[in-house]
Amino acid sequence: MLNTFTDETAGAVTIDTIDKEQLGASLAKAPARDRTWLKTLGFTAEPGKFAFLPGTGGRPNRVVLGADLERDPLWALAGLPDTLPEGWE
């Protein structure tokens, strides 16, 4: 998994990748609030699908991205600039 792209953390949003096959294990380790949020959204970790996790002040503090890390670890993040809302790329 890719850990970081920058040391500049001010205003940064964490991007977590989750393989569909590991979704259950990932959710089990996640805070209850995040687990509930992702279940409510129907997030299934399909490659290329993402969900924002809420942070303080109404701003998302994390993006969770479904990815096929076994087959395409490098390309898992390639589509984000085209799919995230304006201002997030």
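**Thoughts on the confidence of the model for the protein**
Looking at the protein as a whole, the pLDDT averages 82, with 90% of positions reaching at least 70. Taken element by element, the predicted model of the protein shows its lowest mean pLDDT in helix 3 (residues 80-83) (78) and its highest in helix 2 (residues 32-41) (93).

**Digging into the packing of aromatic side chains**
Counted according to the given criterion, the structure contains one aromatic pair. Between the aromatic rings of Phe50 and Phe52, the centroid separation amounts to 5.6 Å while the plane-to-plane angle is 85 degrees, which identifies the pairing as edge-to-face. Relative accessible area serves as the criterion here: at 25%, Phe50 is assigned to the partly exposed category. Residue classification places Phe52 among the partly exposed positions, given a relative accessible area of 22%.

**What to know about the sheet that holds strand 1 (residues 14-18)**
Reading across from one edge, 1-3-2 is the order of the three strands in this open sheet, with mixed pairing throughout. Edge positions in the sheet fall to strand 1 and strand 2 (50-54), since each has one partner strand and no second. Between one strand axis and the next, the sheet turns through 25 degrees on average, direction left out of account. Of the pairings in the sheet, the one linking strand 2 to strand 3 (residues 60-66) comprises five bridges and is antiparallel in character. Each bridged residue has a counterpart across the sheet, and for Ala51 the counterpart in strand 3 is Val64. The strands touched by helix 2 within the sheet are strand 2 and strand 3, with strand 2 carrying the most contacts at an inclination of about 140 degrees.

**So, the pairing of strand 3**
Counting buried residues in strand 3 gives five out of seven residues, a clear majority hidden from the surface. The pairing of strand 1 with strand 3 spans five bridges and is classified as parallel. The residue of strand 3 that forms the bridge with Asp16 is Val64. Connecting strand 2 to the antiparallel partner strand 3 that follows it, the hairpin turn spans five residues, and Gly57 within it adopts a positive phi of roughly 70 degrees.

Cut-offs and rules
Residues numbered from 1 in each chain as written. Predicted model: local features only at pLDDT ≥ 70, side-chain atom pairs only at ≥ 80, totals over all residues. Heavy atoms only, no water. pLDDT = per-residue confidence, 0-100. Helix = DSSP H or I, 4+ residues; strand = E, 2+ residues; numbered from the N terminus. Phe/Tyr/Trp six-rings, centres within 6.5 Å; stacked < 30°, edge-to-face > 60°. Buried < 20%, exposed > 50% of the residue type's maximum accessible area, 1.4 Å probe, protein only. Pairing = 2+ DSSP bridges. Axes fitted to C-alpha atoms, helices over the stretch in contact; angles between N-to-C directions. Contact = heavy atoms within 4.5 Å.

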